[in-house]
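What the coordinates show
Next come the chains, spelled out residue by residue.
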Amino acid sequence: MEVSSHWRVRQQRYALVGEVCPSCEVKIFPPRDVCPECGDEAKTHFQFSGRGEVYSYTTLFDAPQGHEAQLPYTLALVKLEEGPLVTAQLTDVNGTKLEVGMPVEMVTRKLRSDGDRGMLVYGYKFRPRLQAA
Amino acid sequence: MTNSNFPPSDIYIIGVGMTPAGEHWEKSLRELALEAIIQARQEAGEITPGALYVANMLAPVLSRQSHLGALLADFAGMRGIEAVTLEAAGASGGMALRHAVMAIASGLVQSVLVVGVEKFSERVSAEIEAALSTSGDADFEAIHGVTQTALAAMLMRRYQFEYAVPEGAFAGFSVNAHANGAGNPRAMFQRPIKPETYQRAAMLSEPLNMFDAAPLADGAAALMLASGDAIPADSSYPKIRIAGSSAAVDAVALHDRRDPLYFSAVQDSTAEALSQAGLNRDQISLFELHDRYTIYSALALEAAGFAERGQGWKLGQDGNITRKGSLPITTFGGSKARGDTGGANGVYQAAEAVLQLQGRAGEAQVENARFAMIQALGGTGATAVTHILSGSETP
Amino acid sequence: MMETPQINRMLKPDRGVGIVGYGAYIPRFRLPASEVSRVWRGGSGGVPIEEKAVAGLDEDVITMSVEAARNALARSGIHPGHIRAVWIGSESHPYSVKPSSTIVAEAIGATPHTLAADWEFACKAGTEAFQAAVGFVGSRMADYALAIGMDTAQGRPGDALEYTAGAGGAAFILGPEKQSLVAVEGSYSFATDTPDFWRRADEKYPEHGERFTGEPAYFRHITSAAQTLMESLDAKPSDYQFAVFHQPNTKFPQRVARDLGFSGEQIQAGLLVPRIGNVYAGSALVGLTAILDIANPGDRILLVSYGSGAGSDAMSLRVTEHLTSRREAAPSTESYIARRTEIDYATYARYRGKLTLQ
């Protein structure tokens with residue numbers, strides 16, 4: 001049973017909270033506390049907008065143990081509006097024609113369940129962008 | 001990153017051993033390792049290794065067995081020597097070889113036994129996938145249900161998107177590997193395939209099909225290495241010299257790479273190994289690259305400088321990579337046909353290259369092989385370990 | 001037994017309170033009622049609604065509440081750090097013990113200076129949280145509180161409830177009346193011990209008293225609550241442009257509206273049950289979001305929830321001039337309803353965990 005490893009990254013997971021480098025203003029996700037561009041310390045929190053586009057994607061029919069419940073599911077590399085690339089599932093896409101470059105937005109969904117008795121793990125996924133109103 | 005004054009002394013491979021790759025239901029991890037060790041030690045003759053380096057990726061998860069150094073040294077009858085496991089995901093084999101080279105080069109050890117072993121078949125596929133996903137970023141890749149195959153499929157789709165390659169562009173790597181596997185009695189698959197077989201293959205994770213991916217195989221391979229002065233003067237074994245050795249890493253997660261379609265660790269380690277060996281790319285007789293997925297072959301050829309970006313797939317299509325081509329690759333079938341033996345891959349590559357350079361490759365023989373480049377990759381190319389081996393009659 | 005004392009029955013805080021942000025969420029899958037009928041009745045007989053909304057494999061009350069809360073935040077324009085209570089009413093909290101509300105609070109950035117709790121009162125748990133939030137803000141203990149009613153409703157396979165038990169709900173940020181999009185004119189709650197519907201601890205599906213859920217339960221409580229509140233406010237049905245009642249099926253809210261003197265037109269905008277089903281604790285509240293998407297400044301709205309067991313919360317609301325400029329900041333309720341993917345009973349059975357895998 002895993003508890004603290006999920007708890008520790010809850011803000012990143014639930015809401016795409018990353019970092020911004022105070023020196024060169026590069027936006028960082030996942031957070032790593034050191035700017036990958038200039039090497040300076042970068043611990044300032046940054047809330048990403050959640051908007052991005054699909055860099056690449058694929059659908060899985062075989063899953064690692066612990067992820068079978070949601071098969072088949074679609075994974076993507078998403079290029080965030082602010083720069084970073086993130087790995088996440090695309091959700092609400094069955095029946096949708098997917099393509100590289102399609103605009104997506106972050107939603108918080110159930111990633112997996114640690115068995116019947118363990119924790120439910122929630123985190124970011126992306127879906128085709130809804131039009132507001 | 002440049003290793004100055006390499007090599008400080010002559011370091012040689014003086015014995016190799018390999019088990020067949022495949023599903024070894026009746027053999028345990030230690031039995032497989034032992035089989036390869038015995039072969040390599042027999043080839044090496046009287047020399048007793050001063051250290052055992054074990055290359056393995058997943059035994060703690062799949063076999064509930066860590067501490068392989070002591071375990072295998074004991075069962076191989078080598079109590080008293082030093083022994084340790086080297087782990088760098090799929091690059092573990094290359095990394096263990098490199099550490100053997102460094103140990104001998106340091107002068108602290110005269111000879112090292114390297115054994116790569118992986119035992120996948122202890123578990124069912126969902127457990128193996130979960131184990132393999134530990135080679136990525138646990139918090140930001142694996143938690144999303146990532147598999148190695150899915151990451152390769154996403155790279156392949158992006159490659160197709162950026163370079164507008166035709167359908168079936170990667171078929172050449174698969175066809176070549178299976179053609180070569182037909183000449184390898186230790187290969188998991190020993191039958192050639194037709195291009196149509198590739199085209200008809202079921203999708204694993206679009207656009208990546210069954211023939212774009214290597215099958216996982218149990219297997220073990222071993223090498224005996226020694227410094228020149230430790231080898232008896234009367235040894236008749238056609239010893240193989242380590243002409244270059246280099247390892248480099250990139251970000252573990254694809255999403256953290258500057259450019260996911262460029263294996264920069266491959267570029268770094270290849271350039272360094274070539275420079276140590278004092279060779280140009282066109283002097284390389286064969287290249288045992290990491291072909292867990294066909295897309296990786298294309299990306300490795302590009303980053304290693306054998307093809308322009310976006311052009312690596314063409315080497316697979318135009319016959320250049322066959323055993324009679326200008327740059328033979330995966331000459332014993334590679335991971336695709338021999339079978340992907342995880343942490344043992346890099347050791348198999350070395351043992352296979354040794355057979356090529358000694359003219360002992362049988363049906364798989366590449367003519368006039370003088371310099372072999374071998375390259376083990378870990379994860380999605382996060383670790384690259386490149387070695388250049390040279391036949392004994394060469395400078 | 002003592003006589004009930006004469007008191008001012010309407011609930012009204014000292015400080016004026018209103019809705020400063022609202023947001024809906026309805027998942028995209030739809031199960032036509034005809035599918036339930038096909039599997040359990042050979043397709044014969046009438047069905048109580050057209051179709052119901054069904055949550056996907058990666059959705060539950062927590063994820064749905066997060067999205068509704070984000071929509072409410074977007075419309076409010078306030079920083080989530082100002083929210084001092086996150087309260088979620090539901091019959092489908094994913095954990096028996098461990099609050100949904102702390103997860104939602106963390107996801108929207110409202111932690112750590114906040115109250116957080118999950119509420120249970122069958123289908124009125126959401127409006128109960130709403131009432132409490134009105135009091136919390138009205139007492140000046142806090143400036144903002146978030147109340148959510150959300151459900152992935154349960155219905156035993158083959159039971160009458162299976163036709164209607166849907167998924168969805170809404171989130172509301174209550175704050176000072178001056179900044180509000182909708183002012184709360186007053187409210188009233190009516191509760192008795194009436195066991196018309198229940199689910200025992202550790203049971204998956206609820207039980208109900210069939211026709212007993214009607215007259216002594218749903219109708220008595222809603223009617224009493226609505227009439228008491230309107231009397232206290234000296235209001236009559238024709239003073240309201242809109243009304244929304246708990247909607248377990250299409251007929252009940254239509255009849256209770258008629259009994260109280262409301263027209264079909266007044267309840268039309270909020271009557272979502274034919275298209276999304278009975279979303280339990282979110283039922284009346286998501287009807288309210290659909291009304292707010294089209295209401296005009298000055299419009300008055302009467303909302304009455306109903307929770308089995310049993311009780312009703314009645315609220316009289318008045319739209320302010322701020323609503324029209326803020327509502328475009330998040331997706332409308334109709335846009336969620338329009339985002340529709342039809343599924344068959346087999347897929348529904350899988351999505352709702354009705355297939356035994358081990």
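About the criteria used
Residues numbered from 1 in each chain as written. Chains lettered and ligands numbered in written order. Predicted model: local features only at pLDDT ≥ 70, side-chain atom pairs only at ≥ 80, totals over all residues. Heavy atoms only, no water. Helix = DSSP H or I, 4+ residues; strand = E, 2+ residues; numbered from the N terminus. Rg over C-alpha atoms; globule rule 2.2 N^0.38 Å. Buried < 20%, exposed > 50% of the residue type's maximum accessible area, 1.4 Å probe, protein only. Contact = heavy atoms within 4.5 Å. Areas by Shrake-Rupley, 256 points an atom, 1.4 Å probe, with all protein chains shown as cover. 1 Å grid on protein atoms, 1.4 Å probe; cavity = no way out; pocket = protein on both sides within 12 Å on 5 of 7 lines; lining within 4 Å. Points joined across faces, edges and corners; volume = space filled by probe spheres on them. Nonpolar A, V, L, I, M, F, W, Y, C, P; charged D, E, K, R; others polar. Pairing = 2+ DSSP bridges. Salt bridge = Lys/Arg side-chain N within 4 Å of Asp/Glu carboxyl O. Domains from an automatic or database assignment. Buried area = accessible area lost by both parts, 1.4 Å probe. Polar contact = N/O pair within 3.5 Å; in protein donor to acceptor, adjacent residues only side chain to side chain. Axes fitted to C-alpha atoms, helices over the stretch in contact; angles between N-to-C directions. Disulfide = S-S within 2.5 Å.

**Section: the overall build of chain C**
Per the secondary structure count, chain C includes 13 helices and 14 strands. For 358 residues, the compact-globule estimate of 2.2 N^0.38 gives 21 Å, and the C-alpha radius of gyration of chain C, at 19 Å, lies within 12% of that figure. If one aligns the C-alpha atoms of chain C with their principal axes, the spans along those axes are about 55 × 45 × 40 Å. Here chain C holds 358 residues, and 62% of them are scored as buried. Across chain C, every contact between residues at least 6 apart in sequence was considered, and the portion connecting residues at least 24 apart equals 79%. For chain C, the accessible area works out to roughly 14,100 Å², and carbon and sulfur atoms hold 51% of it.

**A closer look at the layout of surface pockets**
In this structure, the second largest pocket occupies an estimated 1,100 Å³ of space. Around the second largest pocket, the lining is made up of 39 residues, and of these Gln-47, Phe-48, Ser-49 and Met-106 of chain A together with Arg-70 of chain C lie nearest the centre. Looking at the lining of the second largest pocket, the elements with two or more residues in it are helix 2 (10–15), strand 3 (44–47) and strand 7 (103–113) of chain A together with helix 2 (61–76) and helix 3 (100–108) of chain C. Counting residues per element, the lining of the second largest pocket draws most heavily on helix 2 of chain C, at 7 residues. Of the residues assigned to the lining of the second largest pocket, the class counts are 20 nonpolar, 12 polar and 7 charged.

**Here's the deal with the pairing of strand 13 (residues 311–319) of chain C**
All names here are of chain C. For strand 13, a buried count of 8 out of 9 residues is recorded, marking the element as mostly surrounded by other parts of the structure. As paired strands, strand 8 (residues 182–191) and strand 13 are joined by 9 bridges and run antiparallel to one another. Considered in strand 13, the bridge of Tyr-188 is made with Ala-314. Here strand 12 (residues 300–304) pairs with strand 13 via 5 bridges, running antiparallel. Following the sheet pairing, Ile-301 is matched in strand 13 by Leu-317. Following strand 12, the chain reverses through 6 residues before pairing antiparallel with strand 13; Gly-309 in that reversal takes a positive phi of roughly 120°.

**What to know about the interface of chain A and chain C**
Chain A puts 29 residues into the contact, and the matching count from chain C is 28 residues. In this assembly, chain A and chain C are joined by 6 salt bridges. Two residues, Glu-59 of chain C and Arg-109 of chain A, come together in a salt bridge whose shortest N-O distance is 3.3 Å. Those elements that provide at least two residues to the side of chain A that touches chain C are helix 2, strand 7 and strand 8 (120–128) of chain A. It is strand 7 of chain A that contributes the most residues to the side of chain A that touches chain C, 5 residues altogether. Across the side of chain A that touches chain C, the residue classes tally to 14 nonpolar, 7 polar and 8 charged.

**Notes on the domain arrangement of chain C**
All names here are of chain C. According to the domain assignment, chain C consists of domain 1 (17–180 + 327–349) and domain 2 (182–325). A straight line from the C-alpha centre of domain 1 to that of domain 2 covers 16 Å. Residue-level contacts link 57 residues of domain 1 with 52 residues of domain 2. Summed over both partners, the interface of domain 1 with domain 2 buries about 4,300 Å², with 59% contributed by carbon and sulfur atoms. Viewed at the interface, domain 2 and domain 1 are joined by 4 salt bridges. Across the pair Glu-207 and Arg-156 runs a salt bridge whose closest N-O atoms are separated by 2.6 Å. Taken together, the links from domain 1 to domain 2 amount to 30 residue pairs in polar contact (both at pLDDT 80 or more). When residues of the side of domain 1 that touches domain 2 are traced back to their parent elements, those giving at least two are strand 1 (17–25), strand 3 (51–54), helix 4 (125–138), strand 6 (144–152), helix 5 (161–164), strand 7 (167–176) and helix 12 (333–338). The element contributing the most residues to the side of domain 1 that touches domain 2 is helix 4, with 7 residues.

**As for the interface of chain A and chain B**
In this assembly, 38 residues from chain A lie in contact with 30 residues from chain B. Taken together, both faces of the contact between chain A and chain B bury some 2,800 Å²; the carbon and sulfur share is 60%. Across the contact surface, chain A and chain B share 2 salt bridges. We note a salt bridge from Asp-256 of chain B to Arg-32 of chain A, for which the minimum N-O separation is 3.1 Å. Our count for the contact surface shared by chain A and chain B stands at 16 residue pairs in polar contact (both at pLDDT 80 or more).

**Notes on the sheet that holds strand 14 (residues 341–342) of chain C**
Residues and elements named next belong to chain C. Taken in spatial order, the 3 strands line up as 3-2-14 in an open sheet, and their pairing is mixed. With one partner strand each, in any of the chains shown, strand 3 and strand 14 form the two edges of the open sheet. In this sheet, strand 14 lies alongside strand 2 (residues 29–32) in parallel orientation, the contact comprising 2 bridges. Looking at strand 14, one finds that Phe-29 is bridged to Thr-341. Each of strand 2 and strand 3 touches helix 1 (residues 33–41); the most contacted strand, strand 2, lies at about 50° to it.

**As for the pattern of salt bridges**
Counted under the stated rule, the structure contains 36 salt bridges over all chains. Across the pair Arg-339 of chain C and Asp-92 of chain A runs a salt bridge, and its minimum N-O distance is 2.9 Å. Of this pair, Arg-339 of chain C sits in the loop between helix 12 and strand 14 while Asp-92 of chain A sits in the loop between strand 6 (85–90) and strand 7, which puts the two residues in different chains. For Arg-339 of chain C, a relative accessible area of 13% gives the class buried. A salt bridge links Asp-293 of chain C to Arg-75 of chain C, with the shortest nitrogen-to-oxygen separation between them at 3.8 Å. Taken together, the positions of Asp-293 of chain C in the loop between helix 10 (283–292) and strand 12 and Arg-75 of chain C in helix 2 put the pair 218 residues apart, joining distant regions of the chain. The pair formed by Asp-293 of chain C and Arg-75 of chain C is uniform in burial state, with each residue classed as buried. One salt-bridge network, in which partners are shared between bridges, spans Asp-92, Arg-109 and Lys-125 of chain A together with Asp-58, Glu-59 and Arg-339 of chain C.

**Considering the state of the cysteines**
All names here are of chain A. Summed over all chains, the structure comprises 0 disulfides over all chains. Cys-21 forms no disulfide, and the closest cysteine sulfur to it belongs to Cys-38, at a distance of 3.6 Å. Note on Cys-21: relative accessible area 1%, which makes it buried. Cys-35 takes part in no disulfide bond, and the closest cysteine sulfur to it belongs to Cys-24, at a distance of 3.5 Å.

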